[in-house]
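Examination of the molecular architecture
Each chain is listed here by its residues.
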Amino acid sequence: MFVKVCGLATTADIDVAAEAGADAIGLVISRTSVRGLDWDRAVALAAHVPSHVRSVLVVNDTAAADAARAANELGVDALQLHGTYTRADFDEAARTFPRLWRATSLNEKPDTRVGAYGEEVLLLDSPRAGSGARWDLSLLDAARPEGAWLLAGGLGPDNVAEAIRQADPWGVDVSSGVESAPGVKDHARIHAFVTAARTAAGRDHGQPQDRGREQDRGR
Ligand SMILES: O=C(O)c1ccccc1NCC(=O)[C@H](O)[C@H](O)COP(=O)(O)O
């Protein structure tokens, strides 16, 4: 079970996520998010992420080409284009930075094939990213992706196990559910979330490039 903790704001948040065993952390650059980092802080935080943890730049209101340049400059491992980016946006970003993650909501009736836009990971979220809102997981019954897809939206230490049982994702992603206040990460909750996700999954995780092999193994 791949675990990403998103919206980190301090080096201590990164240290705790890494110590807890998170596979990836998200750094948000957004004018509309309480978790939006200014450039200098994003540079400092990206440089602080240990090499065994994937760093993901998350954007929702930056032009794809600009976001790709920013991902290169930050030296992150992946760029999560979150929301209304088109296939053309992905193609444009990929020319500069190919390691793309696509985040969308089933409400948008997206293409749920992992890789449909050239992405290595697909993230299915609530329609309001980073809001802590849950969504109807039964929608997955008609549109469950295969491969490297992350479940997000209103997850937390207390509900992630049940969500994993219902959705059977390749990984999970959390932000609000491990906070004590909007934008303020709660370190004990980060530990509790990673532990709960791993315990529920009862198996080790893969990496995005392993997704074919994961499927071969029947996960
Ligand atoms: O977290 C944000 O504030 C955010 C803002 C704009 C675009 C994306 C954002 N977050 C992306 C994530 O991957 C979140 O972890 C995901 O939306 C789940 O959030 P939550 O429901 O708060 O756990």
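Residues numbered from 1 in each chain as written. Predicted model: local features only at pLDDT ≥ 70, side-chain atom pairs only at ≥ 80, totals over all residues.

What follows is about the sheet that holds strand E4 (residues 78-82). Strand pairing in a sheet relies on backbone hydrogen bonds. The paired strands run either parallel or antiparallel. Here eight strands make up a closed barrel; going around it, the order is E1-E2-E3-E4-E5-E6-E7-E8 and the pairing parallel. Along the sheet, successive strands turn relative to each other by an average axial angle of 25°, direction set aside. Pairing analysis gives four bridges linking strand E1 (residues 2-6) to strand E8 (residues 171-174), with the strands arranged parallel. Of the residues in E8, the one forming a bridge with lysine 4 is aspartate 173. (Pairing = 2+ DSSP bridges. Helix = DSSP H or I, 4+ residues; strand = E, 2+ residues; numbered from the N terminus. Axes fitted to C-alpha atoms, helices over the stretch in contact; angles between N-to-C directions.)

Turning our eyes to something else, we now look at the nonpolar core. Residues Val5, Leu57, Leu79, Leu81, Val172 and Ala197 are the most contacted members of the largest nonpolar core, which totals 67 residues. Beyond its immediate chain neighbours, meaning those up to four positions away, leucine 81 contacts Val59, Ala64, Ala67, Asp89, Phe90, Ala93, Leu100, Arg102 and Ala103. (Core = buried A, V, L, I, M, F, W, Y, C linked by C-beta atoms within 7 Å. Buried ≥ 20, exposed ≤ 12 C-beta atoms within 10 Å, placed from the backbone. Contact = placed C-beta atoms within 7 Å.)

In the vicinity of the ligand there are 25 residues, among which Cys6, Ser33, Gly130, Ser175 and Ser176 approach most closely. Counting only elements with at least two residues in the shell around the ligand, the list comes to strand E2 (24-29) and E8. Counted by class, the shell around the ligand contains seven nonpolar, 15 polar and three charged residues. (Near = placed C-beta within 6 Å. Nonpolar A, V, L, I, M, F, W, Y, C, P; charged D, E, K, R; others polar.)

Glancing now at helix H5 (residues 160-167). Because an α-helix packs 3.6 residues into every turn, residues spaced three or four apart end up facing the same way. All of the buried residues in H5 are Val160, Ala163 and Ile164. Seen end-on, H5 carries its buried residues on one side only, within an arc spanning 100°. In this structure, the buried side of H5 is in contact with strand E7 (149-151), E8 and helix H6 (187-201). Directly beyond the C-terminal end of H5, a positive phi value near 50° is found at aspartate 168. (Arc of directions from axis to C-beta.)

The buried count for strand E6 (residues 121-125) comes to five of five residues, which makes it a mostly enclosed element. Going residue by residue along E6, you find Val121, Leu123 and Asp125 tucked away on one face and Leu122 and Leu124 tucked away on the opposite face as well. With five bridges connecting them, strand E5 (residues 100-105) and E6 associate as parallel partners. Each bridged residue has a counterpart across the sheet, and for serine 105 the counterpart in E6 is aspartate 125. Pairing of E6 with E7 involves three bridges; the strand directions are parallel. Along E7, the bridge assignment pairs leucine 122 with tryptophan 149.

Let us look at the confidence of the model for the protein. In the predicted model, the protein carries a mean pLDDT of 92, and 92% of its residues have values of at least 70. Predicted confidence for residues 210-219 stays below pLDDT 50, and this span has nine contacts to residues more than four positions away or in other chains. Scoring the predicted complex yields pTM 0.91 and, for the interface, ipTM 0.97. (pLDDT = per-residue confidence, 0-100.)

What follows deals with unusual backbone geometry. Even without a glycine there, the phi angle at lysine 109 is positive, about 50°. Along the chain, lysine 109 turns up in the loop between E5 and E6. The class of lysine 109 is exposed, set by 10 C-beta atoms lying within 10 Å. One non-glycine residue, aspartate 168, lies in the positive phi region at around 50°. Along the chain, the position of aspartate 168 falls in the loop between H5 and E8.

Bringing the packing of H5 against H6 into the picture now. Contact geometry of H5 with H6 gives a least axis separation of 8 Å together with a crossing angle of 35°. As for the relative orientation of H5 and H6, their crossing is right-handed in sense. Facing H5, whose interface residues are Val160, Ala161, Ile164 and Arg165, H6 presents Phe193, Ala196, Ala197, Ala200 and Ala201. Residue composition of the contact of H5 with H6, grouped by class: eight nonpolar, no polar and one charged. (Left-handed = near helix turned anticlockwise from the far one by under 90°.)

The sites that UniProt annotates as "domain: N-(5'phosphoribosyl) anthranilate isomerase (PRAI)" (unreviewed entry) are residues 3-195. In the segment residues 3-195, helix accounts for 30% and strand for 23%; the C-alpha atoms at its two ends are 10 Å apart. (UniProt positions renumbered as here; feature names shortened; annotations may be inferred.)

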